[in-house]
Amino acid sequence: MATYERKDRFYHQAKARGLPSRAGFKIEEMILRHRLVRAGDAVLDLGAAPGGWAVVLAKAVGPRGLVLAIDLEPLAKGAPNLRAFRGDIHGEAAASWMGEQLEGRKVQAVCSDMSPKLTGIFFKDAYLSYELGVKALEVAQRWLQAGGNFVAKLFPGEEFPEYLKKLRNHFKTVKVFEPEATRKTSREVYVLGLGWKG
Ligand SMILES: C[S@@+](CC[C@H](N)C(=O)[O-])C[C@H]1O[C@@H](n2cnc3c(N)ncnc32)[C@H](O)[C@@H]1O
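Rules used in this analysis
Residues numbered from 1 in each chain as written. Predicted model: local features only at pLDDT ≥ 70, side-chain atom pairs only at ≥ 80, totals over all residues. Heavy atoms only, no water. Near = heavy atom within 4 Å. Polar contact = N/O pair within 3.5 Å; in protein donor to acceptor, adjacent residues only side chain to side chain. Areas by Shrake-Rupley, 256 points an atom, 1.4 Å probe, with all protein chains shown as cover. Helix = DSSP H or I, 4+ residues; strand = E, 2+ residues; numbered from the N terminus. Buried < 20%, exposed > 50% of the residue type's maximum accessible area, 1.4 Å probe, protein only. Lys, Arg positive; Asp, Glu negative; His and termini not counted. Salt bridge = Lys/Arg side-chain N within 4 Å of Asp/Glu carboxyl O. Contact = heavy atoms within 4.5 Å. Pairing = 2+ DSSP bridges. Axes fitted to C-alpha atoms, helices over the stretch in contact; angles between N-to-C directions.

A. Representation of the site of the ligand. In the neighbourhood of the ligand, 20 residues make up the surrounding shell, with Gly-52, Trp-53, Asp-71, Asp-88 and Asp-113 lying closest. Here a nitrogen atom of the ligand and a backbone polar atom of Ile-89 are 3.0 Å apart. The side chain of Asp-113 places a nitrogen or oxygen atom 2.8 Å from a nitrogen atom of the ligand. Computed on the free molecule, the ligand has an accessible area of 600 Å², of which 85% lies beneath the protein chains in the complex.

Written out as structure tokens, the structure reads:
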């Protein structure tokens, strides 16, 4: 095949485990390697549809935990500890929904897999993903508990060093992570912020 192999081992594993998307393996790897979330945590899952991350996160936080998932698109049917909102993360409605669900509590992790509609124009895709990464960081500023963890997907471009700098101001540890389940042809990376300084 000239382009990428769409139905690789992660595609087949996702099917076999009944996961809505192969993306779940990426967050699973980040949880295993970096203890991004723990049992009992409340987590914001931004850019959650069709729901691969949400299923994995809901399992990781367990019945005492909570996953609040937001996306422009609908999510596949979820677990009892998973609540979904369909809308734009920039909108007032999404902010109000998070407020209602959390009732004054903070979350222990903000996980963003938000991605713009890719144009194939390198600098444009990089900039749009940077903007979504900045928005995810704003959400963390509002809702993340001191000591909490963060991850955002970016397509690195000119703004990438600036994004890392912003994260270093807020987190004790910052790492750039390329999950095994990322397609070999994709330029995506995940920026992890561990230990929100508050
Ligand atoms: C790669 S997909 C997410 C895959 C998902 N994490 C999973 O595991 O199934 C990126 C998602 O970001 C969402 N997205 C992009 N911009 C958004 C915005 N402004 N507000 C909410 N969601 C957004 C898209 O609708 C899309 O579903």
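After that view, the rundown keeps rolling.
B. Local environment of the side chain of Asp-41. For Asp-41, the location among the structural elements is in the loop between α2 (24-34) and β1 (42-46). Buried and without a salt bridge, Asp-41 has Arg-38 as its closest oppositely charged side chain, separated by 5.4 Å. In this structure the side chain of Asp-41 is engaged in a polar contact, spanning 2.8 Å, whose partner is the backbone nitrogen of Arg-38. The residues touching Asp-41, leaving out its near neighbours within four places in the chain, are Val-61, Gly-65, Leu-66 and Gln-108.

C. Focus on unusual backbone geometry. In this structure, the amide linkage connecting Ala-49 to the following residue, Pro-50, adopts the cis form with an omega of 5°. With respect to the secondary-structure elements, Pro-50 resides in the loop between β1 and α3 (52-61). Backbone geometry at Arg-35 places phi at a positive 45°, although glycine is not the residue there. Residue Glu-103 is not a glycine yet carries a positive backbone phi of 45°. Considering the arrangement of structural elements, one finds Glu-103 in the loop between α4 (92-102) and β4 (107-112).

D. Seen up close, α2. When you tally the buried positions in α2, you get eight out of 11 residues, the bulk of the element. Residues of α2 that are buried: Gly-24, Phe-25, Lys-26, Ile-27, Glu-29, Met-30, Ile-31 and His-34. Structurally, α2 contributes buried residues whose contacts are with α1 (9-16), α3, β4, β5 (144-154), β6 (171-177) and β7 (189-196). Arg-35, located one to two residues past α2, shows a positive phi value of around 45°.

E. The arrangement of the sheet that holds β1 in detail. Reading across the sheet, the seven strands line up as β3-β2-β1-β4-β5-β7-β6 and stay open at both edges, with mixed pairing between neighbours. Each of the sheet's edge strands pairs with one partner strand only, and the pair in question is β3 (82-86) and β6. Between one strand axis and the next, the sheet turns by 15° as a mean value, whatever way the strands run. Inspection of the sheet shows β4 paired to β5 by five bridges, in the parallel sense. Note on β5: the bridge partner recorded for Cys-111 is Val-151. Contacts between α3 and the sheet are confined to β1, β2 (66-71), β3, β4, β5 and β7, with β1 contributing the most and set at about 175° to the helix. Here helix α5 (residues 122-143) sits on the sheet in contact with β1, β4, β5, β6 and β7, set at roughly 170° to β5.

No statement about biological role is implied by the geometric values presented.
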